[in-house]
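Here are the chains, one letter per residue:
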Amino acid sequence: MESNKIGGGTIISQVPIPIEEYNELLPFLKVKSYSKNQILKACHEIETTRRYLISGTLALFENQQGSKVCRRIYSKYCLVCDFESFEKEQLTDFSIVAYTDCLVCEIPKELEEAILIPAPHIIKLILRLSHQVVVQNLEWASVLWLSPKARYSRLPQICPDFALIKIKDICGILNLPERTLHRLRGKS
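Predicted, not measured: the structure shown is a model, and the values here were computed from it.

Criteria and cut-off values
- Residues numbered from 1 in each chain as written.
- Predicted model: local features only at pLDDT ≥ 70, side-chain atom pairs only at ≥ 80, totals over all residues.
- Heavy atoms only, no water.
- Helix = DSSP H or I, 4+ residues; strand = E, 2+ residues; numbered from the N terminus.
- Buried < 20%, exposed > 50% of the residue type's maximum accessible area, 1.4 Å probe, protein only.
- Contact = heavy atoms within 4.5 Å.
- Pairing = 2+ DSSP bridges.
- Salt bridge = Lys/Arg side-chain N within 4 Å of Asp/Glu carboxyl O.
- Axes fitted to C-alpha atoms, helices over the stretch in contact; angles between N-to-C directions.

Enquirer: So what exactly am I meant to see when it comes to the overall build of the protein chain here?
Expert: When you go through the protein chain residue by residue, the secondary structure sums to six helices and 10 strands. Expressed as a percentage of its 188 residues, the buried residues of the protein chain come to 45%. Contacts in the protein chain between residues far apart in sequence, at least 24 positions, make up 71% of those at least 6 positions apart.

Enquirer: Looking at this structure, I do not really get the pairing of strand β6 (residues 58–64). What am I missing?
Expert: Look at any regular strand and the pattern is simple: side chains alternate between the two faces of the sheet. Among the seven residues of β6, five are classified as buried, and the element is accordingly described as predominantly covered. Relative to strand β7 (residues 67–74), β6 runs antiparallel, the two sharing seven bridges. What sits directly across from N63, in β7, is K68. Counted between consecutive antiparallel strands, the loop separating β6 from β7 contains two residues, among which Q65 sits at a positive phi close to 50°. Pairing of β6 with strand β9 (residues 94–98), which is carried by five bridges, proceeds in the antiparallel orientation. Of the residues in β9, the one forming a bridge with F61 is S95.

Enquirer: Looking at this structure, how should I read the pairing of strand β5 (residues 49–55)?
Expert: The element β5 is extensively covered by neighbouring structure, given that five of its seven residues are classed as buried. One ladder, built from six bridges, connects β5 with strand β10 (residues 102–108); its direction is antiparallel. Residue T49 lies in a different strand from β10, and its bridge partner there is P108. Strand direction decides the pairing type here: β5 and strand β8 (residues 79–80), joined by two bridges, are antiparallel. The residue of β8 that forms the bridge with Y52 is L79.

Enquirer: For this particular structure, what's the right way to read the pattern of salt bridges?
Expert: Two side chains of opposite charge can pair, provided their charged atoms sit close to one another. Enumeration according to the criterion identifies eight salt bridges in this entry. Taking the shortest distance from any N to any O, the salt bridge between R50 and E87 comes out at 3.1 Å. A residue pair is termed long-range when its members are at least 10 positions apart, and R50 in strand β5 and E87 in helix α1 (residues 83–88) qualify at 37 residues. Beyond isolated ion pairs, a larger network of salt bridges with shared partners links K32, E47, R51 and E106.

Enquirer: Help me understand the sheet that holds strand β3 (residues 30–34) in this model?
Expert: Strands in a sheet are paired, the pairing made by backbone hydrogen bonds, and the direction either parallel or antiparallel. In spatial order, the strands read β3-β10-β5-β8; together these four strands make up an open sheet with antiparallel pairing. One side of each edge strand has no neighbouring strand; the edge strands of this open sheet are β3 and β8.

Enquirer: Got a minute to help me understand the sheet that holds β7 in this structure?
Expert: Strand order across the open sheet formed by four strands is β4-β9-β6-β7, with antiparallel pairing between neighbours. Of all the strands in the sheet, the pair left with one neighbour each is β4 (39–41) and β7. Within the sheet, the average angular offset between the axes of one strand and its neighbour, ignoring direction, is 35°. Its contacts with the sheet place helix α5 (residues 167–174) against β6 and β7, and it is angled at close to 80° to β7.

All we've got here are geometric facts, nothing functional implied.
Structural data, given as structure tokens:
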């Protein structure tokens, strides 16, 4: 396990949950591949799917006044979903896009309850995944609590695919203007 300092405290990040732990879920999962820039969930759609990223990179974009701003990058072994849209069954300003070619396990919302009937011990996996999502979301949100220099230093630590991210998307994630990012990169 990896220890991280967040907001003055320390939390423990879970080790990624390997695909093998999903074996009992396989009859319920759809494994799909997506090409770079393919939209998995558009901002004008209600989220109906939870995804486990097997390989590649996904991104969460926010639609702001007609332009898309990157808010989060997901690397392999992450659970990816527009959780607000999924839970409230409402539209949001977020879309999920394949940042690179990727392979994803998907579970449609309508199958969630059906999974628990034949495999009730799957609850342990669900709890681990829930904890992992909470920890990852806290890590990503806590970056914005830092100074601009510390934000830029912290992002590669929580994003294994940092080298793939375009500058304009780093600016969106860190909520920094491009000129500030160029200045910070020049000091690195």
